[in-house]
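Understanding the architecture of this molecule
What follows is the residue order along each chain.
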Amino acid sequence: MSRTGKLLLIAVPVVAGAAVAARRRRVPGAGEQRRRHVVTVFRPLAELQAEPLPGSLKEIADDVEITLSAAPGGRGTEIAVRIPEGSSVSSGDVRRALRETRSLIEVGDVLLPYGPPTTVPTLLNRPLQTATRHGREGGLL
Amino acid sequence: MKALQWQGVNKLAVGEVPDPELRNPGDMIVKVGKTVTCGSDLHLLGGYIPFMEKGDVLGHEFLGEVVEVGPDVHKHRVGDRVVVSSFIACGSCWYCDQKLFSLCDNGNTNPAITETLWGHAPGGCFGYSHAMGGNAGSHAEYVRVPFADVGAFAVPDEVSDERALFASDSASTGWMGADLGGVKPGDVVAVWGAGAVGQMAARAAVLLGADRVIVIDRLDNRLQQVEKFIGAETLNYERTDVSGELRERSGGRGPDVCIEAVGMEAHSPGPQFAFDQLKQQLRLQTDRPTAVRDAIHACRKGGSVFVLGVYAGFVDKFPLGALMNKGLTVRGAQMHGQRYIPMLLERMAAGELTTEHLATHVMPLDQAPEGYRIFKEKEDGCVRAVFTP
């Protein structure tokens, strides 16, 4: 198979994936406004209740509904976020906030991407770079 | 600094890239002393894992000297000689608490990709695509090491660079396969693949007390290494009925533990190889699971199969019927290096675990593209190519 053919075979699923991810960010699905986004943080419920939640979750706290509950089996605390009707907060905002908050609580820090970058912008790189610019906003959380 | 960069499918070049910077307080910078090829890099090189960007730096198995530490690094100082786990883990989440470090919740800055693909995201890895965090790899003069207190380990004076290097990934991965595969004294263990990881899995099985350990491959030079350095039996699948031999050598039962150390670009004799390769090239399946199929078929009833080889997506003709009806336990994982490296360094110091023979080709970083060519083609008896930036 030619190099161009191989590159196309690689590019097509990546582009499609990025397109789906981008669409998910822009257009909330019918169930998206109703379901809750939940992460489990490996710290006891009492510890999380003692102080305001840190980081970007604190920044959106007024625009979402946040529930804390003890996770079973000593796994820590479940943080659940529901986006009310009419809120300006997106699912991507919530996913990023939950992931960053979990890391802040567990580690005290949020891992930053490698830098300075070693890659160069190309037509083939662009969809992947678009996806990774929002690496903590996408996914299934 | 100089670094080996992915430039496109099957295209590598050594180029100049910016030096890495401390980005988090727990980071440190390591001056790479030795860094080694891995069979799983070939999946990136060949485009089978389509999350590489032009300019990405490869390499995830390495050792070097600490040259800069962040304010939250307490275990290491400038000048320390360290070996670093290929997977990046925070050490503080529930998965790290369970010693499942490659599943860390906080070690991957791009969790969306793998979460969408696989349901949940594993941790990050050095030099292993943007799906695993987009971290620049170790085939460079310097590398940033996040969570340095968790993932880097001082090398004892009595362990040479040549030996300690392989604790970074190959030996940890191999040990994990035997450990989590449940190898016990008296077991018969079969290992598919006589590369570095397969050899280390076999050595782990020997040290954990297995009664017989049998390594399967097609390359005689690798099988000779197994007999000479690992202390295990061998089978060449191009000249032997592997299934029959394993049955005979295990009293008709089949191996108790089967460890697959081959991965998504497996070879095999017969028509199934052509079938798998065609489907993979047409992207009707992403991976060639030949060795996993064989392991499941050969394993004894109620036995254990551990998948160490790297797979990315979907496979065809997976023997679910055998798995279910024989009551098998199948597990797999990326490596939990932080769990095993301290113990491995002790065993290396004691002479129980030797790895120098794996470094069949040692060369400067400038020659890394040629090193990968030799490694990929398995020319000149190449098992691993080690680069010295």
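The structure displayed is predicted, hence computed values, not measured ones.

**Topic: the domain arrangement of chain B**
Buried accessible area, meaning the area lost when the parts come together, often serves as the stated size of an interface. Residues and elements named next belong to chain B. Along its sequence, chain B is organised into domain 1 (2-169 + 335-388) and domain 2 (173-332). Summarising the inter-unit geometry, the C-alpha centres of domain 1 and domain 2 are found 25 Å apart. With 28 residues of domain 1 at the interface, the matching set in domain 2 holds 27 residues. Surface buried jointly by domain 1 and domain 2 totals about 2500 Å² across both partners, of which 60% is contributed by carbon and sulfur atoms. Together, Tyr48, Tyr340 and His357 form the three largest contributors to the area buried by domain 1 at its contact with domain 2, with a combined 26%. On inspection of domain 1 and its partner domain 2, the count reaches one salt bridge. A salt bridge links Asp179 to Arg339; the shortest N-O distance between them is 3.9 Å. Linking domain 1 with domain 2 are eight residue pairs in polar contact (both at pLDDT 80 or more).

**A word on the interface of chain A and chain B**
At the interface, 40 residues of chain A touch 48 residues of chain B. For the chain A and chain B pair, buried surface summed over both sides reaches about 3900 Å², with 59% attributable to carbon and sulfur atoms. When the buried surface of chain A facing chain B is broken down by residue, A:Leu111, A:Tyr114 and A:Thr118 rank first, second and third, together holding 19% of it. Linking chain A with chain B are two salt bridges, by the criterion used here. Note that A:Arg102 is salt-bridged to B:Asp105, the shortest N-O span being 3.6 Å. Linking chain A to chain B there are 18 residue pairs in polar contact (both at pLDDT 80 or more). Mapped onto the side of chain A that touches chain B, the elements with two or more residues apiece are α1 (3-26), α4 (91-106) and α5 (125-133) of chain A. Considering every element that reaches the side of chain A that touches chain B, the biggest residue donor is α1(A), with seven residues. Split by residue class, the side of chain A that touches chain B holds 18 nonpolar, 12 polar and 10 charged.

Basis of the calculations
Residues numbered from 1 in each chain as written. Chains lettered and ligands numbered in written order. Predicted model: local features only at pLDDT ≥ 70, side-chain atom pairs only at ≥ 80, totals over all residues. Heavy atoms only, no water. Domains from an automatic or database assignment. Contact = heavy atoms within 4.5 Å. Buried area = accessible area lost by both parts, 1.4 Å probe. Salt bridge = Lys/Arg side-chain N within 4 Å of Asp/Glu carboxyl O. Polar contact = N/O pair within 3.5 Å; in protein donor to acceptor, adjacent residues only side chain to side chain. Helix = DSSP H or I, 4+ residues; strand = E, 2+ residues; numbered from the N terminus. Nonpolar A, V, L, I, M, F, W, Y, C, P; charged D, E, K, R; others polar.

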